[in-house]
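# Structure assessment
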Amino acid sequence: STVAALLMASGFHLLADDFVPVDAASGEVNFFPAAVSVKKNALDQLIPFYPQLASATEFNFPGMNKTVRYLPPLIQAENNTSGYPCKALVFIKYQKDSGLKLEKLPKDDAFQKLVPDSWISPLPENASRFLDWFLEIPCYRLTYSNNEMMVKTVKKLFEK
C-alpha cells in the first residue's frame, strides 16, 4: 500500500491495491476502486504527498494487529471500463539499508508469495487458465530502501 501511494504521488494510476481482479479469459488486470490502507509506520513518508492523511480517521483492527488510515483512489471507475495487460509480476519489499535490487524471482518462490493471498476460481477451467497464465508471466523481486530509486525503477519497468 505504501508503494502504491508513492507511485500515485509520482503520476501512476492505481488500478487496485491488496485485491487485484484478473480476468480469467484474457489475463488482464481490472480496476478495483478501493481505498489504499496506509499503516502508521508509512504516515511520515506519505503525508508530504497526501496532507489529508494527517487528519484522517484511524481505524484499529485488533484481530489483525493493524491500525490504518485510508487514502481514496485518485481515479474514477468510469475511466477504467476495460482491463490492462499484465506483463509481469513484481513483488516489492522495503528493507532498510538494502539499496535497490531487482532480480528475477524463481516461479516456485513467486507462487508461494502469490497463492496464499489469492482467490482462484474453483472451476477447473479457470484454475487451469490461472496456472497457464502464471507459468508464462515473468516474476521479479524488487527490494528497496530509497523511495526515489524505487519509483525510478518501476517507471523503467513500465517503459519496457
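Presented here is an overview of the structure given in this document. (Residues numbered from 1 in each chain as written. Predicted model: local features only at pLDDT ≥ 70, side-chain atom pairs only at ≥ 80, totals over all residues. Heavy atoms only, no water.)

## With respect to the sheet that holds strand β3 (residues 59-61)
Taken in spatial order, the 3 strands make up an open sheet running β2-β4-β3, and their pairing is antiparallel. Taken across any chain shown, the strands that pair with only one partner, and hence form the sheet edges, are β2 (36-39) and β3. Neighbour to neighbour, the strand axes of the sheet diverge by 40° on average, direction disregarded. Pairing geometry for β3 and strand β4 (residues 66-71), over 3 bridges, is antiparallel. Within β4, the residue paired with phenylalanine 59 across the bridge is valine 68. (Pairing = 2+ DSSP bridges. Helix = DSSP H or I, 4+ residues; strand = E, 2+ residues; numbered from the N terminus. Axes fitted to C-alpha atoms, helices over the stretch in contact; angles between N-to-C directions.)

## Regarding helix α1 (residues 2-9)
In terms of burial, α1 is largely enclosed, as 7 of its 8 residues are buried. Three or more residues of α1 are buried, namely Thr2, Val3, Ala4, Ala5, Leu6, Leu7 and Met8. Each element contacted by the buried residues of α1 is listed here: β2, α2 (43-46), β4, β6 (89-94), β8 (139-144) and α5 (147-159). Following α1 by one or two positions, glycine 11 adopts a phi angle in the positive range, close to 100°. (Buried < 20%, exposed > 50% of the residue type's maximum accessible area, 1.4 Å probe, protein only. Contact = heavy atoms within 4.5 Å.)

## As for the pairing of β4
Side chains on a regular strand alternate between the two faces of the sheet. Across 4 bridges, β2 lies against β4 in antiparallel orientation. Of the residues in β4, the one forming a bridge with serine 37 is tyrosine 70. Here β3 folds back onto β4, and the loop between the two strands holds 4 residues, one of which, asparagine 65, carries a positive phi near 55°.

## Observations regarding the packing of helix α3 (residues 107-114) against helix α4 (residues 124-136)
Viewed as axis vectors pointing N to C, α3 and α4 meet at an angle of 130°, and their least axial separation amounts to 11 Å. With respect to α4, the element α3 is oriented oblique. The hand of the α3/α4 crossing is right-handed. Residues Lys107, Ala110, Phe111 and Leu114 of α3 lie in contact with α4, whose contacting residues are Phe130, Leu131, Trp133, Phe134, Leu135 and Glu136. Partitioned by chemical class, the residues of the contact of α3 with α4 number 8 nonpolar, no polar and 2 charged. (Parallel < 35°, antiparallel > 145°, perpendicular 65-115°, else oblique. Left-handed = near helix turned anticlockwise from the far one by under 90°. Nonpolar A, V, L, I, M, F, W, Y, C, P; charged D, E, K, R; others polar.)

## A look at the state of the cysteines
Evaluated as defined, the whole model comprises 0 disulfides. With no disulfide of its own, cysteine 86 has cysteine 139 as its nearest cysteine by sulfur position, at a separation of 8.9 Å. (Disulfide = S-S within 2.5 Å.)

## Considering the pattern of salt bridges
Any two side chains of opposite charge can pair, given that their charged atoms come close. A complete count under the given rule lists 4 salt bridges for this structure. The shortest N-O distance in the salt bridge between arginine 69 and glutamate 58 comes to 2.8 Å. Of this pair, arginine 69 sits in strand β4 while glutamate 58 is found in the loop between α2 and β3, placing the two residues 11 residues apart along the sequence. On the basis of relative accessible area, arginine 69 is assigned to the buried category, the value being 13%. Residue glutamate 58 is classed as partly exposed on the basis of its relative accessible area of 33%. With a shortest N-O distance of 4.0 Å, lysine 101 and glutamate 103 are connected by a salt bridge. A cluster of three or more residues bridged by salt bridges with shared partners is formed by Lys40, Glu58 and Arg69. (Salt bridge = Lys/Arg side-chain N within 4 Å of Asp/Glu carboxyl O.)

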